[in-house]
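Geometric and topological summary
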Amino acid sequence: MKEKRIPVFIAIMLMILAIAGAAGWLVAKRFIPTKEPADLGQVLGVRGEETAVFLNGELQEVKGITREGQSYLPLEWVNAYINEKFYWDHTEQLLVYALPDSIVYADRQTVGSLGSPLMLFEGDEIYLSVGLINNYTAVDTVSYTGEEHKRIYLDTRWEPYEIGTAAKRSAVRVKAGIKSPILTYVEKNGEFVILEQSEDWTHVQTPDGYTGYLKNKAVGSIKSREHPCTVEMPEYTNISMDEKVCLVWHQITSENANDAMEQLTANTSGVNVIAPTWFSLTDNNGAYHSYASRSYVDKAHEMGMQVWAALDNFNMGENVNSEILFARTSVRKNLIASLMEDVKTYDLDGINLDIEGIKPEAGPHYVQFIRELSVSCRNEGIILSVDNYVPTAYTSFYNRAEQGRVADYVIIMGYDEHHAGGEAGSVASYLFVKEGIENTLALVPKEKVINAVPFYTRIWTEKDGSTTSSAVGIRDALKWVEENDVELYWQEELGQYYGELATEDGLKMVWMEESVSLGLKKDLITEYDLAGIACWKLGFEPEAIWDIVKVNE
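Report follows, based on the coordinates. Just so it is clear, the model here is predicted, and its values are computed rather than measured. (Residues numbered from 1 in each chain as written. Predicted model: local features only at pLDDT ≥ 70, side-chain atom pairs only at ≥ 80, totals over all residues. Heavy atoms only, no water.)

What follows covers the packing of helix 11 (residues 430-441) against helix 13 (residues 515-527). Where helix 11 meets helix 13, the axes come as close as 10 Å, and the angle between the chain directions of the two elements is 20°. In terms of their interaxial angle, helix 11 and helix 13 are classed as roughly parallel. Two packed elements cross with a definite hand, and for helix 11 against helix 13 that hand is right-handed. Contacts between helix 11 and helix 13 pair Tyr 430, Val 433, Lys 434 and Ile 437 from the former with Leu 520, Lys 521, Leu 524 and Glu 527 from the latter. Its residues assigned to classes, the contact of helix 11 with helix 13 shows five nonpolar, no polar and three charged. (Axes fitted to C-alpha atoms, helices over the stretch in contact; angles between N-to-C directions. Helix = DSSP H or I, 4+ residues; strand = E, 2+ residues; numbered from the N terminus. Parallel < 35°, antiparallel > 145°, perpendicular 65-115°, else oblique. Left-handed = near helix turned anticlockwise from the far one by under 90°. Contact = heavy atoms within 4.5 Å. Nonpolar A, V, L, I, M, F, W, Y, C, P; charged D, E, K, R; others polar.)

Let's shift gears to the pattern of salt bridges. This structure, assessed with the given rule, holds 21 salt bridges. The residue Asp 529 makes a salt bridge to Lys 244 at a minimum N-O spacing of 2.8 Å. Of this pair, Asp 529 sits in the loop between helix 13 and strand 32 (532-536) while Lys 244 sits in the loop between strand 17 (219-225) and strand 18 (245-250), placing them 285 residues apart in sequence. The exposure class assigned to Asp 529 is partly exposed, which follows from its relative accessible area of 36%. Between Lys 550 and Asp 547 there is a salt bridge, with the nearest N and O atoms lying 3.9 Å from each other. In the salt-bridge network here, residues are joined through shared partners; they are Glu 84, Lys 85, Arg 371, Glu 402 and Arg 405. (Salt bridge = Lys/Arg side-chain N within 4 Å of Asp/Glu carboxyl O. Buried < 20%, exposed > 50% of the residue type's maximum accessible area, 1.4 Å probe, protein only.)

This part covers the side chain of Thr 457. Within the fold, Thr 457 resides in strand 27 (residues 456-463). Within the structure, Thr 457 has its side chain in polar contact with the backbone oxygen of Trp 511 (distance 2.6 Å). Apart from residues lying up to four places away in sequence, Thr 457 is in contact with Val 427, Ser 470, Ala 471, Val 472, Ala 477, Val 510, Trp 511, Met 512 and Glu 513. (Polar contact = N/O pair within 3.5 Å; in protein donor to acceptor, adjacent residues only side chain to side chain.)

Checked against the element boundaries, Asn 83 lands in the loop between helix 3 (75-81) and strand 4 (87-89). Polar contacts involving the side chain of Asn 83 include one to the side chain of Thr 137, which spans 2.9 Å. Leave out the neighbours within four places in its chain, and Asn 83 touches Val 78, Tyr 97, Tyr 136 and Thr 137.

On to the nonpolar core, then. Counting 116 residues, the largest nonpolar core has Trp 278, Phe 279, Leu 348, Leu 353, Tyr 366, Phe 369 and Leu 373 as its most contacted members. For this core, the element with the most residues is helix 8 (residues 329-346), which contributes seven residues. By size, the runner-up hydrophobic cluster in this structure holds nine residues, among which are Ala 166, Phe 192, Val 204 and Ala 218. (Core = buried A, V, L, I, M, F, W, Y, C linked by side-chain atoms within 4.5 Å.)

Pairing within the open sheet is antiparallel, and its five strands lie in the order 28-27-31-30-29. Where the open sheet ends on each side, the last strands, each with one partner, are strand 28 (466-473) and strand 29 (489-491). Neighbour to neighbour, the strand axes of the sheet diverge by 25° on average, direction disregarded. In terms of strand pairing, strand 27 meets strand 28 through eight bridges, oriented antiparallel. (Pairing = 2+ DSSP bridges.)

Structure, rendered in structure tokens:
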């Protein structure tokens, strides 16, 4: 019996050993790093002419094209992440770039210094050559486009960065894990850029042009290295006044209205800029009506005031579609040339843009117009100021940040919080103005920001569930309050007095603009050290207001 049991025992032991060995192998296999090479085409997502694009060490969804030794990147992506100043005119098929003192143009036939096209056109998408991008952009570019799997690295960061040294020859993997396929190897003492470090793995960029993960124990010494910007970018210089701006708009609706300037300004104090609303766009070809007067300018100069003529798109703009007008390079060019002729004819000191009510589709074209107009203004030595609504999500396409780079002054129209056709309320409450200033300063340097205050309020009427209003100058509003014996109550949160009056026509309501409320707005301008104040409009104000809004002693 014993002799028969021994083989069974041995068999059982062998089975146990086999199972244990298999289990041990499975456990060991779990901790053995894979030597599987990565499928580079799959990792980079490219094949053939397609070129992987890395921005600041991160692989982008967008793909470039490498053709005949030249690499190209999608214009839309370049505008969004690298340089927004490249502007494509779809109508006239022109690429336009506004430098500080000149404007550069290229069309479909334009080639670079090496004979390669500056642009590729693939279906509806436009691609710019990397060489062209580098000429006008502060970006560090490294290309690996002579290989099967093409890739290009762009870096817009110029701060110091970390360099690691490999402690031994080590695998760089697609992901942070030993089972992740191998992209490449770093040799012992080889250097690599450290993008980010975690507890066990380091995200690196290798000398042969890959970004992947390296075990921390493979990282030897780490040192910081400077990344100085060697690209000399053109400087968009600006013109500014030697003192704070105190501007008042003078609404001109006829040539005869120019004659009232001396009388209307006789009781002002501290005004150093007057902005007559002289130029009104009339069609989509850039024509505008003008009420300009040389004698007006000469008188203003004698009185110590600069003249910034305003250009608007609404006073005579029934037939103006800003998306069409500003989208054509030839129209922008002719409009700017006409404005510069008037600058010389009338000896103007500046242009004030008051383009309102445009759609988001018109935004890029209008901003391009500002860029191009700034070139001519800079060359002529005159000031360019741009009027803007208080920042909101639905007006972000006005691109205040870019305005702040190319224009001399960015003016916040700090009013119309409640406007005709809307709900009753304040024209410009304290918090509305404060937030408008703060949100603009997040985009534009304070040295360029002017806050505009209203010399008017609205008298609202509510009746039978409907609300109407009429804009009334401060002087007339105070008269209305006095004549109707309206009792005013101070509203701390709004920084204004409020009053109401029951009439046969309905409930009349007014949120007053007067010396106290305007004084609070002036205090905000002082608190945030803005470039000055602007006032809408001349003739609406009692004389005493000028002592309140004065920004220069």
